[in-house]
Amino acid sequence: MLTLETMLRESIWAATLTSNELDRVIRESHERRVSVSGYAIRCGEPADRWIGVIEGLVKMSVSQPGGRQSTFTGVTAGGWAGEGSLLKAGNWRYDGIAVRDTRIACVPRSTFERLVSTSLPFNRFLLSHLNARLSLFIALVEYDRLLGPDARVARCLASLFDPDLYPRMGTFVQLSQEEIGLLSAVSRQRTNESLHELERAGLLRVEFGGVTVLDLPGLRGYCGASEARPASKQRSPMGIG
């Protein structure tokens, strides 16, 4: 089991800090366990910590009083979230809900603010990280408005391999079909159909407990079955072994 300290030391931003500063961040941080459907962060509560996923999955979403919910994205192991809210005083404007039992690394706001105030390399990391997040959200709007369910599932899976947001991703995505559907805004049954269509296109392989990605560029550029099969012949599979 990955420890809090190991997760912090292996985070992409850790390399921007001096050894003394990183040790101080580790001392000031703590781990929190969130059960499935529990809140890692909650809309309306003070934004008082920067969170990283040690193990599990957190979906970022907003809800209406009537119960309708919209999911923006998911944060997988190794990913960080909440930096935008910490750069200004106030409360969370969205929920972070555990899709499965999840372990969270919590860096206090005061620690985060000190890093922003004293470390130029850390600020450069934040610029890159926020730019990657902005690019993801722009793409999600595009997918929702222009693409069908198969393509939305493909692009959703591909978005989990952004090295600036999810540096620990390999080729295997540990997500259930229900979880993929939640992140793609596609029903579970339709997600199952989409995954098998993408498998027939040679872009991924459906496994027990998740999906192995075979062609990441293919997933990123997937627009529909009519275009996938001919194009896949010209693509190089992601290495698997």
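Residues numbered from 1 in each chain as written. Predicted model: local features only at pLDDT ≥ 70, side-chain atom pairs only at ≥ 80, totals over all residues. Heavy atoms only, no water.

Draft legend 1. Examining the overall build of the chain more closely. The number of helices and strands found in the chain is ten helices and eleven strands. Classification of the 241 residues of the chain by burial places 49% in the buried group. For the chain, the proportion of contacts with a sequence separation of at least 24, taken over those separated by at least 6, is 70%. Carbon and sulfur atoms form 51% of the exposed surface of the chain, whose accessible area is close to 11,900 Å². (Helix = DSSP H or I, 4+ residues; strand = E, 2+ residues; numbered from the N terminus. Buried < 20%, exposed > 50% of the residue type's maximum accessible area, 1.4 Å probe, protein only. Contact = heavy atoms within 4.5 Å. Areas by Shrake-Rupley, 256 points an atom, 1.4 Å probe, with all protein chains shown as cover.)

Draft legend 2. Geometry of the packing of aromatic side chains. By the definition in use, this model includes ten aromatic pairs. Three or more aromatic residues link up through ring pairs in this structure, and these residues are W13, W50, W80, F112, F122 and F125. (Phe/Tyr/Trp six-rings, centres within 6.5 Å; stacked < 30°, edge-to-face > 60°.)

Draft legend 3. Summary view of the sheet that holds strand β11 (residues 210-213). One open sheet accounts for three strands, arranged β9-β11-β10; its pairing is antiparallel. Pairing within the sheet leaves two strands with one partner each, and these edge strands are β9 (172-173) and β10 (204-207). Pairing of β10 with β11, which is carried by four bridges, proceeds in the antiparallel orientation. Bridge pairing links E207 to G210 in β11. (Pairing = 2+ DSSP bridges.)

Draft legend 4. Looking closely at the nonpolar core. Counting residues in hydrophobic clusters, the biggest one holds 65 residues, and the most contacted among them are W13, W50, F122, L157 and L219. Sort the elements by how many residues they give to this core and helix α6 (residues 149-159) lands first, with six residues. When neighbours within four sequence positions are excluded, F122 is seen to be in contact with W13, T16, L17, W50, F112, L115 and V116. (Core = buried A, V, L, I, M, F, W, Y, C linked by side-chain atoms within 4.5 Å.)

Draft legend 5. Expanded view of the side chain of S119. Here S119 is to be found in the loop between α4 (109-118) and α5 (120-146). Within polar-contact distance, the side chain of S119 engages the backbone nitrogen of F122 at 3.1 Å. With residues near it in sequence (within four places) discarded, S119 still touches T16 and L17. (Polar contact = N/O pair within 3.5 Å; in protein donor to acceptor, adjacent residues only side chain to side chain.)

Draft legend 6. Layout of helix α2 (residues 19-28). For α2, the full list of buried residues reads E21, L22, V25 and I26. Across the axial projection of α2, the buried residues extend over an arc of 140°, all falling on one side. Among the exposed residues of α2, those pointing more than 90 degrees away from its buried face are S19, N20 and R27. Those residues of α2 that are buried lie in contact with α1 (4-10), β8 (102-108) and α4. (Arc of directions from axis to C-beta.)

Draft legend 7. Just the layout of surface pockets, in detail. Counted as a void, the second largest pocket has a volume near 360 Å³. Lining the second largest pocket are 15 residues; nearest its centre among them are G84, S85, Y94, R133 and F137. It is α5 that contributes the most residues to the lining of the second largest pocket, four residues altogether. Its residues assigned to classes, the lining of the second largest pocket shows seven nonpolar, four polar and four charged. (1 Å grid on protein atoms, 1.4 Å probe; cavity = no way out; pocket = protein on both sides within 12 Å on 5 of 7 lines; lining within 4 Å. Points joined across faces, edges and corners; volume = space filled by probe spheres on them. Nonpolar A, V, L, I, M, F, W, Y, C, P; charged D, E, K, R; others polar.)

Draft legend 8. Region of the structure containing the confidence of the model for the chain. Chain-level pLDDT for the chain is 84 on average; 88% of the residues reach the 70-or-more range. With pLDDT under 50 throughout, residues 226-241 is counted as low confidence; its partners more than four residues away or in other chains account for 23 contacts. (pLDDT = per-residue confidence, 0-100.)

Draft legend 9. The arrangement of the sheet that holds strand β6 (residues 80-81) in detail. Judged by pairing direction, the sheet is antiparallel, and its four strands sit side by side in the order β1-β8-β3-β6 without closing on themselves. Of all the strands in the sheet, the pair left with one neighbour each is β1 (30-34) and β6. The pairing of strand β3 (residues 49-55) with β6 spans two bridges and is classified as antiparallel. Among the inter-strand pairings, G52 is bridged to a residue of β6, identified as W80.

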